[in-house]
Amino acid sequence: MGESSPVTVTVTASDVAGANDPLSYEFDFDNNGSWDVTDSITASATTTFATVGDKIVKARIKDKDGGFTDYMSTVTVAQSTLVGSYGFSEGTGTTTADA
């Protein structure tokens, strides 16, 4: 994944109590100990990373009874590669960018 490209983190979980014990989700995208997304009923969240390198992402799954499980994963962010196409006119010596 390239820098500044969106990344979606999704967790999969279930509770044996089903709808009687609904789950909520939290996400910490910068591993600073503070949840960037809290008490979400959606099991996924999206963020972007401005710098390249390995990023530790944490997710917490909580149930209504106060139980929770934390997960951690590493996302590798690579440098974005810009690709351009240019034409060159030998007659005028100019270049033009293709859209």
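Up top is the structure these notes are about.
Residues numbered from 1 in each chain as written. Predicted model: local features only at pLDDT ≥ 70, side-chain atom pairs only at ≥ 80, totals over all residues. Heavy atoms only, no water.

**Section: the overall build of the protein**
Short version of the rule: The way it works is that DSSP assigns letters per residue, a run of H or I at least four long becomes a helix, a run of E at least two long becomes a strand, and they are numbered from the N terminus. Exposure categories follow from relative accessible area, calculated using a 1.4 Å probe and restricted to protein chains: below 20% of the type maximum is buried, above 50% is exposed, and the middle band is partly exposed. Throughout, a residue-residue contact means that at least one pair of heavy atoms, one from each residue, lies within 4.5 Å.
When helices and strands are tallied, the protein shows zero helices and eight strands. In sequence order, the secondary structure elements of the protein are arranged as β-β-β-β-β-β-β-β. For the protein, buried positions account for 24% of its 99 residues. Pairs at least 24 apart in sequence give 49% of the contacts found in the protein among residues at least 6 apart.

**Section: the nonpolar core**
Using the following cut-off: Nonpolar cores are built from buried Ala, Val, Leu, Ile, Met, Phe, Trp, Tyr and Cys residues. Side-chain atoms within 4.5 Å join them into one set.
Val11, Tyr25, Phe27, Phe29, Phe49 and Val57 are the most contacted members of the largest nonpolar core, which totals 14 residues. Of all the elements in the fold, those that place two or more residues in this core are strand E1 (6-10), strand E2 (23-28), strand E5 (53-63) and strand E6 (68-77). When neighbours within four sequence positions are excluded, Tyr25 is seen to be in contact with Val11, Val37, Thr38, Asp39, Ser40, Ile41, Thr42, Ala43, Arg60 and Ile61.

**Section: the environment of Pro22**
Structurally, Pro22 can be placed in the loop between E1 and E2. Residue classification places Pro22 among the partly exposed residues on the basis of a relative accessible area of 44%. Between the alpha carbons of Pro22 and Ile41 there is a distance of 8.5 Å; along the sequence they are 19 residues apart. The residues contacting Pro22, other than those within four sequence positions of it, are Lys62, Asp63 and Lys64.

**Notes on the sheet that holds E5**
Note on sheets: strands pair through backbone hydrogen bonds, and any given pair is parallel or antiparallel. Here is the rule: Should DSSP find at least two bridges between two strands, the strands are taken to pair. To define axes, lines are fitted to C-alpha atoms, for helices over the stretch in contact only, and angles between the resulting N-to-C directions are given on a 0 to 180 degree scale.
On the basis of which strands lie adjacent, the open sheet formed by four strands has the order E3-E2-E5-E6 and antiparallel pairing. Whereas interior strands pair on both sides, the edge strands pair on one side only; in this sheet they are strand E3 (37-40) and E6. Sheet twist, expressed as the mean angle between neighbouring strand axes with direction ignored, is 15°. As paired strands, E2 and E5 are joined by six bridges and run antiparallel to one another. Bridge pairing in E5 links Glu26 to Arg60.

**Quick notes on the pattern of salt bridges**
As a reminder of what qualifies: What counts as a salt bridge is simple: a side-chain nitrogen of Lys or Arg found within 4 Å of a carboxyl oxygen of Asp or Glu.
Scanning the model with the defined rule gives three salt bridges in all. Between Lys62 and Asp39 there is a salt bridge; the shortest N-O distance is 2.7 Å. Residue Lys62 is found in strand E5, and its partner Asp39 is found in strand E3; the two are separated by 23 residues along the sequence. Where Arg60 meets Asp70, a salt bridge forms, and the shortest distance between an N and an O atom there is 2.6 Å. Of this pair, Arg60 sits in strand E5 while Asp70 sits in strand E6, and the two are ten residues apart along the sequence.

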